[in-house]
Amino acid sequence: MAVSLTKGGNVSLSKEVPGLTAVSVGLGWDTRMTDGSAFDLDASVFLLGDGGKVGSDEDFVFYNNARGGGGAVVHQGDNRTGAGDGDDEVVMVSLDKIPAQVQRLSFAVTIHKADARRQNFGMVSNAFIRVVNAEGGAEIARYDLSEDASTETAMIFGEVYRSSGEWKFKAIGQGFAGGLGPLARSFGVNV
Amino acid sequence: MSVSLSKGGNISLSKEEPGLTSILIGLGWDTRMSDGADFDLDASAFLLGPGDRVRGDEDFIFYNNLRSSDGAVEHTGDNRTGAGDGDDEAIKVDLTRVPAGVQKIAVTVTIHEGEARRQSFGMVSNAFIRIVNDATGREISRYDLAEDASTETAMIFGEVYRHNGEWKFRAVGQGYKGGLGPLARNYGVHVG
């Protein structure tokens, strides 16, 4: 039974799914039915060490850098309109292959060219992000972006992190002004 | 204190007004100041089920179909010039009677004969949508549509919808080309 997350909540992935080794983090939204530019949402992941910063620019996984963490994190590709049912963008994470120095994986969702297109999450129908067990496809946790992030254009959705030998997930749901560039810089990426 | 929403924003009506049972959705705009044909803006409501589609044509409430069959939604009539202060058109919703299969009510405004009269929303001033507690007359929330230069003749002003057991209102303000016919068809209505 998927846990529906609210801002600030956390769930232990290891407890929810004993023996969990890999997850797919899926992002989805509906295509635009009204006039104007398509909604282009982008999923990104920051692999963070102590101090909450990336070890190198390869630790920023996004549509222009599909593999990080020595192949433990793989972005499946950019969807620019939301066409198609289910997850529109997916990031595969092999939890058991994450390098030891990576303590946290921070997942962000940004709206491409949000300022120019004058878009925010509230205008995007049914935007969600979810964590799925890569083996078997059962949904573990889900967070509804259209409701809670409605006037934001960039959001740190949540973090997958180590805690006492387990992998846990925390719903952060924190908006970030400026978009993907400033967000990446805040994590120490050279943009 | 009425909550003023910006585009994309949403608010829980149930939280703002505990015990809320009926709302009046008010729509208004300014009449034309310059020469030319009057602006005849028409409010419509679409009662939507899964997939954002109407369950049947009777779920399309507009000037030629003023009441939903279950009595939950009632359009109070057509204003053809925008004359008068306050709401120009209003739609009442008894939230307690909205059928369980209806998840969302989309409230739209279209410009009658907009293409023929060469009118578009860019020419309409001070358009707004507001939600009023019909029992007390208190305005709960309001969305003033910004004056985006707009060539559309149809616009989705806002949505009243269910979420986690509450009724909520979202400020949409998104234009739709083509007018009421294509907009209605998009929601699954059979338009002749």
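About the cut-offs
Residues numbered from 1 in each chain as written. Chains lettered and ligands numbered in written order. Predicted model: local features only at pLDDT ≥ 70, side-chain atom pairs only at ≥ 80, totals over all residues. Helix = DSSP H or I, 4+ residues; strand = E, 2+ residues; numbered from the N terminus. Rg over C-alpha atoms; globule rule 2.2 N^0.38 Å. Contact = placed C-beta atoms within 7 Å. Pairing = 2+ DSSP bridges. Axes fitted to C-alpha atoms, helices over the stretch in contact; angles between N-to-C directions. Nonpolar A, V, L, I, M, F, W, Y, C, P; charged D, E, K, R; others polar. pLDDT = per-residue confidence, 0-100. Buried ≥ 20, exposed ≤ 12 C-beta atoms within 10 Å, placed from the backbone.

Caption draft 1: How the structure looks around the overall build of chain B. For chain B, the helix and strand inventory stands at two helices and 12 strands. Reading the secondary structure of chain B in the N-to-C direction produces β-β-α-β-β-β-β-β-β-β-β-β-β-α. Taking 16 Å as the expected radius of gyration for a compact globule of 192 residues, we find that chain B reaches 16 Å, a close match to that expectation. C-alpha extents for chain B along the principal axes are approximately 45 × 40 × 25 Å. Here the contacts in chain B between residues at least 6 apart in sequence split such that 68% fall between residues at least 24 apart.

Caption draft 2: Geometry of the sheet that holds strand β9 (residues 128–133) of chain B. All names here are of chain B. The strand order across the open sheet built from six strands is β1-β10-β9-β3-β7-β6, with neighbouring strands paired in mixed fashion. Two strands close off the open sheet at either side, each with one partner strand: β1 (3–5) and β6 (73–75). For this sheet, the mean angle separating the axes of adjacent strands, direction not counted, is 15°. Relative to strand β10 (residues 139–144), β1 runs parallel, the two being bridged by three bridges.

Caption draft 3: Just the interface of chain B and chain A, in detail. Counting from both sides, the interface comprises 14 residues of chain B and, opposite them, 10 residues of chain A. Mapped onto the side of chain B that touches chain A, the elements with two or more residues apiece are β11 (154–163) and β12 (166–176) of chain B. The biggest single contributor to the side of chain B that touches chain A is β12(B), with four residues. Of the residues contributing to the side of chain B that touches chain A, the split by class is two nonpolar, eight polar and four charged.

Caption draft 4: Representation of the confidence of the model for chain B within the structure. In this model, chain B carries a mean pLDDT of 89, and residues with pLDDT of at least 70 account for 93%. With pTM at 0.84, the complex prediction returns an ipTM value of 0.78.

Caption draft 5: Molecular detail of unusual backbone geometry. Backbone geometry places A:K113, a non-glycine residue, at a positive phi of 55°. Counting through the fold element by element, A:K113 comes out in the loop between β9 (104–111) and α2 (114–117). Its 13 C-beta neighbours within 10 Å are what place A:K113 among the partly exposed residues. With a phi angle near 55°, B:D52 is a residue other than glycine that sits in the positive phi range. Within the secondary structure layout, B:D52 lies in the loop between β4 (41–48) and β5 (60–61).

Caption draft 6: Representation of the pairing of strand β11 (residues 139–144) of chain A within the structure. Residues and elements named next belong to chain A. Inspection of the sheet shows strand β1 (residues 3–4) paired to β11 by two bridges, in the parallel sense. For V3, the partnering residue across the bridge sits in β11 and is A141. Pairing of strand β10 (residues 128–133) with β11 involves five bridges; the strand directions are antiparallel. Residue R130 lies in a different strand from β11, and its bridge partner there is R142. Between β10 and β11, which pair antiparallel one after the other, the connecting turn spans five residues, and G136 there sits at a positive phi close to 95°.

Caption draft 7: Fine view of the sheet that holds strand β6 (residues 67–68) of chain A. Strand order in the open sheet formed by seven strands is β1-β11-β10-β3-β8-β7-β6 (chain A), and the pairing between neighbours is mixed. Pairing within the sheet leaves two strands with one partner each, and these edge strands are β1 and β6 of chain A.

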